[in-house]
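Chain and residue survey
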Amino acid sequence: MVPHVRVEGVTKRFGAFAALDNVSLAVEQGKLVCFLGPSGCGKTTLLRVIAGLETQDSGRIEIGGRDVTPLPPSQRDFGIVFQSYALFPNLTVAQNVGYGLVNRRKPRKEIRARVAELLTLVGLPEQTSKYPVQLSGGQQQRVALARALASSPSLLLLDEPLSALDARVRVRLRDEIKALQRRLGITTIMVTHDQEEALAMADRIVVMNRGQVEQVGSPADIYARPATAFVADFVGAMNMFDAEVAGPGRVRIGALDLACGGLNGKQPGQRVKLGLRPEEVRVRGVEAGSANAVPVVVELLDFLGAFCRATLRPAAARDLVLRSDFSANAMRDLGIKEGQTLTVGLPPEALRVFDVETAGGA
Amino acid sequence: MTYAATVVTQETRRITAEDVVMRVAIVALVAFLMLAIALPLATLLSKSFQDSTGRFVGLANYVRYFATPSLVASLWNSFWVAIVATVIVVPLAFLYAYGLTRTRMRAKGFFLALALLPLFAPSLLSAISFIYIFGNQGFLKTWLFGASVYGPIGIILAQVFYCFPHAMMILITALALADGRLYEAAEAMGTPRWRVFLTVTLPGVRYGLISAMFVVFTLVVTDFGIAKVIGGQFNVLATDAYKQVIGQQNFEMGAVVGFVLLVPAVVAFALDRQIQRRQVALLSARAVPLEPRVNPLKDTAFLFYCVVLGGLVAAVLGVAVWGSFITYWPYNLTLSLKNYNFAEFESNGFGPYFASLHMAAIAAIFGTAIIFSGAYLIEKGQGFASGRALAQLLAMLPMAVPGLVLGLGYVFFINAKWNPLGFLYGTIVLLAINCIAHFYTTAHITAATALKQIDNEFEAVSASLKVPFYRTFARVTVPICMPAIFDIAIYMFVNALTTVSAVIFLYGASNKLASISIVHMDEAGATAAAAAMATLIVLTALTAKLLHLLLDRLVFGKLQAWRRR
């Protein structure tokens, strides 16, 4: 695949603060890529640098194989949707969508046809003469999307497009945006701080932290094989323990001595971070003799609908806290209650090992 | 990588035609502000250090000023009169503002409008009224027990009337910013009312009170019209400046007086900026607005107070209007339009009135265009940050400069031998430019506030749609800001119509303004004709304001449907 957007060694400082620190990445043609990270990680700055709305201190930007570094936004080829939508309040829906087309001196009839086509595309065919204030948040969002797509740009930039909407509308719109993006095959970059949104929508996720790229990968990759403790902690829930390599295939967390895969190249005595997703904690078919069986006390149960998040304390190491997700089935079958003692399994292959150094951002 | 190194490697952005337009516009704005504000003030300042031949003499003029007993006496006179007026007007305005914001009294809108009336009149209208009331032939002359109104008494009375709305507006703003939960908390703890007032209300408005005091003090010290009309032999700074420049052609000493006048205004301005910053910080974003509760005794008491005060304000204005229709005060009290036959008192007849209208229209139209576009360039412009920062600084400067000082600066600047713009002297254009400069800051703040409320991404969106910024400015920004633009235009128009102090040095024979003609007719003893001209100005200003309100209703109610949900 040919990369449609290429970012090379981009650095952007605001005073002493490095918003982007030597960032390089490539976005493939026709893919939806999410920049994911906490606020202040540089994801929006990177999007604005690609758009030309911010000028980087150093580094290059290519769009469609063309070096656009010295070009102002108007000479780069992209459409953009902002969190605030930035719809012009004094113009109707049709005038908003056609705003950029009018300037290109196209015949009025052609513009009207294109506007109608775009509004049908985003599912608002009947609203042409309304003003933005008369629309709901989700409808305004769609108008902003239609406006961004009007000139058939090769690149679509979405800056937290869904975060101003309420939960239900958000879920519906994210499916629609994804379907639309697939249908048009338009290369899309979306900035979000919502990991669920990124996992659901993206072909590829770029996880950012402190102005740097932590990991690039498919959603499944990022979730299953986080490269750093930061990614592991930011994407999905994760138990994190300070641990020490005890021997070949063995780690020690406080008083717990556990079998562990993925210790390649680690020396006994080395300090590591150990991660375990709450849903990986086993509760069925665990016996005293099986691997990594740990007797625990159920301290707290948070009912979350389809499952319960339990706060467990190992009987042998009461200073540790282990969070685990128990399905409603398991809760019912095993009759789990607060204060109860039970034995859970921590599967050796599900324990993820991270270097202590990379845990800085977590 | 060090910061210095990143600057060196900064990518240079290609300059487009759009960037050129933007930069040329910013340069033009800075040039206008330099010519209209900075250079006249600089000329005034340098003049005060020169002798009549233009030689630098250091502080010699200042030494001479402070060695002249009559001039120092004026300084003292200005000072104490301003203090007395401040001490009277601020408490009066506070109670009035309190009634309008913190009670449930009736007809608040009416009483607000009543108190704002003096803003639509030249300052000297109130002086004329007090001459009718307490003057040599005043109908209530005996109430002064033999004291003369021509002097400090008249100045203070007229200033109280003139400054009342200015103080009241500041205090209304301060009183309106209250967190209702503080009052609920105090009440929940069983705090007595007087203690709530001392521990919650007063601390909440203390910055507003201080601000109001400084504004009133500065207004009184720098106002020219009132002291000129009712001051008699009582000299103050503002009349000194006029006498030195117009009477004695002593420009150097005029410059010194101008500079002395600048001092209290600059101090007040600097303090006010500090205070406003803190006032805003007082109210957190989560504050709940205070809803005053019904309290029949309190509501009635404040209604009574507002009837009396508002009635007095209307009465003072009314006396001048009434006086203007009296055939020959106090001998022939029949009403007639005789005093409106200005040709009898003034060589140009109605000329000054139309000159004023002409000048005010120019100031309103061009001033609004310059100020709003300027605010847009400063707030939303791209690139040339140093130019925009300089423009912002210059835009805030006029607030600290009394009109009289700016007028003096213009006289010296435009008449300087080296100035190629000298041909403008005495033209209506120069008068309009002077008014635009004089009232620049308030109008600029109005425009900037409106622009700040607009989504910052509009410029980014239009760039992504390949639409140049000036097109989005015309198609989106200006329509959205139309209410603010009308506010600025009407503010310019009314102030250009009523101002005396800024333009008194600048008019030419063919374009004497109405406000100046009032001064001259009064000087010549034609008080009734002066009152008539003042009445005409008030009526015109009020009509303009009413038209504005009507337009606001019609245009923004019907035509701009997009504002309604």
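Residues numbered from 1 in each chain as written. Chains lettered and ligands numbered in written order. Predicted model: local features only at pLDDT ≥ 70, side-chain atom pairs only at ≥ 80, totals over all residues.

**Some thoughts on the overall build of chain A**
In terms of helices and strands, chain A carries 10 helices and 19 strands. By its C-alpha atoms, chain A is 80 × 45 × 35 Å across when sized along the principal axes. When each of the 362 residues of chain A is scored for burial, the buried share is 41%. Sequence separation of 24 or more characterises 64% of the internal contacts of chain A that already satisfy a separation of 6 or more. (Helix = DSSP H or I, 4+ residues; strand = E, 2+ residues; numbered from the N terminus. Buried ≥ 20, exposed ≤ 12 C-beta atoms within 10 Å, placed from the backbone. Contact = placed C-beta atoms within 7 Å.)

**Here's the deal with the overall build of chain B**
Counting its secondary structure elements, chain B contains 23 helices and two strands. The C-alpha atoms of chain B give 25 Å as radius of gyration, which agrees with the globular expectation for 565 residues (24 Å, within 12%). The C-alpha extent of chain B, read off along each of the three principal axes, is 85 × 75 × 50 Å. Across the 565 residues of chain B, 47% fall into the buried class. Sequence-distant contacts, at least 24 apart, represent 82% of the contacts inside chain B between residues at least 6 apart. (Rg over C-alpha atoms; globule rule 2.2 N^0.38 Å.)

**Observations concerning the sheet that holds strand E9 (residues 204-209) of chain A**
Two pairing modes exist for strands in a sheet, parallel and antiparallel, and in both the strands are linked by backbone hydrogen bonds. Residues and elements named next belong to chain A. One open sheet accounts for six strands, arranged E6-E7-E8-E3-E9-E10; its pairing is mixed. Across the chains shown, the open sheet's two edge strands, defined by having one partner strand only, are strand E6 (79-81) and strand E10 (212-217). The mean angle between the axes of side-by-side strands here comes to 15°, regardless of whether they run parallel or antiparallel. Sheet topology places strand E3 (residues 32-36) next to E9; four bridges connect them, and they run parallel. For Phe35, the partnering residue across the bridge sits in E9 and is Val206. (Pairing = 2+ DSSP bridges. Axes fitted to C-alpha atoms, helices over the stretch in contact; angles between N-to-C directions.)

**Section: the confidence of the model for chain B**
Residue and element names in this part refer to chain B. Summary statistics for chain B give a mean pLDDT of 89 and a share of 95% for residues scoring 70 or more. Predicted confidence in chain B is weakest over helix H1 (residues 3-9), with a mean pLDDT of 39, and strongest over helix H14 (residues 351-380), with 96. Within the model, pLDDT remains below 50 along residues 1-11, and this stretch shows 15 contacts once partners closer than five positions in the same chain are excluded. Note on the complex model: pTM 0.87, ipTM 0.82. (pLDDT = per-residue confidence, 0-100.)

**Thoughts on the interface of chain B and chain A**
Facing the 26 residues of chain B at the interface are 30 residues of chain A. Sort the elements by how many residues they give to the side of chain B that touches chain A and helix H19 (residues 458-464) of chain B lands first, with five residues. For the side of chain B that touches chain A, a count of residues per class yields 12 nonpolar, six polar and eight charged. (Nonpolar A, V, L, I, M, F, W, Y, C, P; charged D, E, K, R; others polar.)

**Quick word on the sheet that holds strand E13 (residues 256-259) of chain A**
Residues and elements named next belong to chain A. Pairing is antiparallel in the open sheet, where five strands are placed in the order E13-E12-E11-E14-E19. Either end of the sheet is taken by a strand with one partner, and the two such strands are E13 and strand E19 (352-355). Neighbouring strand axes in the sheet, compared pairwise and without regard to direction, differ in orientation by 40° on average. When strand E12 (residues 250-253) meets E13, the two strands line up antiparallel, connected through four bridges. From the neighbouring strand, Arg252 faces E13, where its bridge partner is Asp257.

**A short note on the pairing of strand E14 (residues 271-276) of chain A**
Residues and elements named next belong to chain A. Among the six residues that make up E14, five are buried, leaving the element largely enclosed by the rest of the structure. As defined by bridge partners, strand E11 (residues 239-247) adjoins E14 across six bridges and the pair is classed as antiparallel. Considered in E14, the bridge of Asn239 is made with Leu276. By the bridge criterion, four bridges tie E14 to E19 in an arrangement that is antiparallel. When the sheet's bridge partners are listed, Lys273 is paired in E19 with Phe354.

**A look at the packing of helix H6 (residues 124-134) of chain B against helix H7 (residues 152-176) of chain B**
Residue and element names in this part refer to chain B. With their axes 8 Å apart at the nearest point, H6 and H7 run at an angle of 130° to one another. By the criterion of interaxial angle, the relationship of H6 to H7 is oblique. Crossing of H6 over H7 shows right-handed handedness. When H6 is examined against H7, the residues Ser126, Ala127 and Phe130 are found in contact with a partner set consisting of Gly154, Leu157, Ala158, Phe161 and Tyr162. Per-class residue counts for the contact of H6 with H7 are six nonpolar, two polar and no charged. (Parallel < 35°, antiparallel > 145°, perpendicular 65-115°, else oblique. Left-handed = near helix turned anticlockwise from the far one by under 90°.)

**Digging into helix H11 (residues 237-247) of chain B**
Residue and element names in this part refer to chain B. Counted residue by residue, H11 has eight buried out of 11 residues, so it is predominantly covered. Among all positions in H11, only Leu237, Ala238, Thr239, Asp240, Ala241, Tyr242, Gln244 and Val245 are buried. Immediately downstream of H11, the backbone of Gln249 shows phi near 55°, a positive value.

**Notes on the environment of A:Arg66**
By the secondary structure assignment, A:Arg66 is in strand E5 (residues 66-67). Along the primary structure A:Arg66 and A:Val5 are separated by 61 residues, whereas in three dimensions their C-alpha atoms are 9.2 Å apart.

**Observations regarding the packing of helix H4 (residues 69-102) of chain B against helix H13 (residues 296-325) of chain B**
A pair of packed helices can be characterised by two numbers: the angle between their axes and the separation between those axes. All names here are of chain B. Relative to each other, H4 and H13 sit at 130°, their axes nearing to 9 Å. Our classification of the angle between H4 and H13 gives oblique. Between H4 and H13 lies a crossing of left-handed hand. Taken together, the residues of H13 that come into contact with H4 (itself represented by Leu92, Leu95, Tyr96 and Gly99) are Phe302, Tyr305, Cys306 and Leu309. For the contact of H4 with H13, the class distribution of residues is seven nonpolar, one polar and no charged.

**Side note on the nonpolar core**
Nonpolar side chains in soluble globular proteins tend to end up buried together. Residues and elements named next belong to chain B. Counting 279 residues, the largest nonpolar core has Ala167, Leu171 and Met533 as the members making the most contacts within it. Examining the composition of this core, we find that 16 residues originate from one element, H7, more than from any other. Residues in contact with Leu171, not counting those within four places in the same chain, are Ala93, Phe94, Ala97, Val205, Gly208 and Ala212. (Core = buried A, V, L, I, M, F, W, Y, C linked by C-beta atoms within 7 Å.)

**Some remarks on the environment of B:Ile371**
All names here are of chain B. Relative to the assigned elements, Ile371 resides in helix H14. Taking the C-alpha atoms as reference points, Ile371 and Leu157, separated by 214 residues in sequence, lie 35 Å from one another. Residues within four places of Ile371 in sequence aside, it is in contact with Tyr440, Ala443, His444, Ala447 and Ile488.

**Thoughts on helix H18 (residues 440-452) of chain B**
Residues and elements named next belong to chain B. Spanning 13 residues, H18 covers 18 Å between terminal C-alpha atoms, matching the ideal 18 Å at 1.5 Å per step. Of all the positions in H18, only Tyr440, Thr441, Ala443, His444, Thr446, Ala447 and Ala450 are classed as buried. Of the surrounding secondary structure, the elements contacted by the buried residues of H18 are H14, helix H15 (385-396), helix H17 (428-438) and helix H21 (482-498). (Expected span 1.5 Å × (residues − 1).)

**With respect to unusual backbone geometry**
With omega at -10°, the peptide bond leading from B:Trp329 into B:Pro330 counts as cis. When you line up the elements, B:Pro330 lands in the loop between strand E1 (326-328) and strand E2 (332-335). Positive phi, close to 55°, is recorded for A:Asn22, a residue that is not glycine. You can see A:Asn22 is positioned in strand E2 (residues 17-28).

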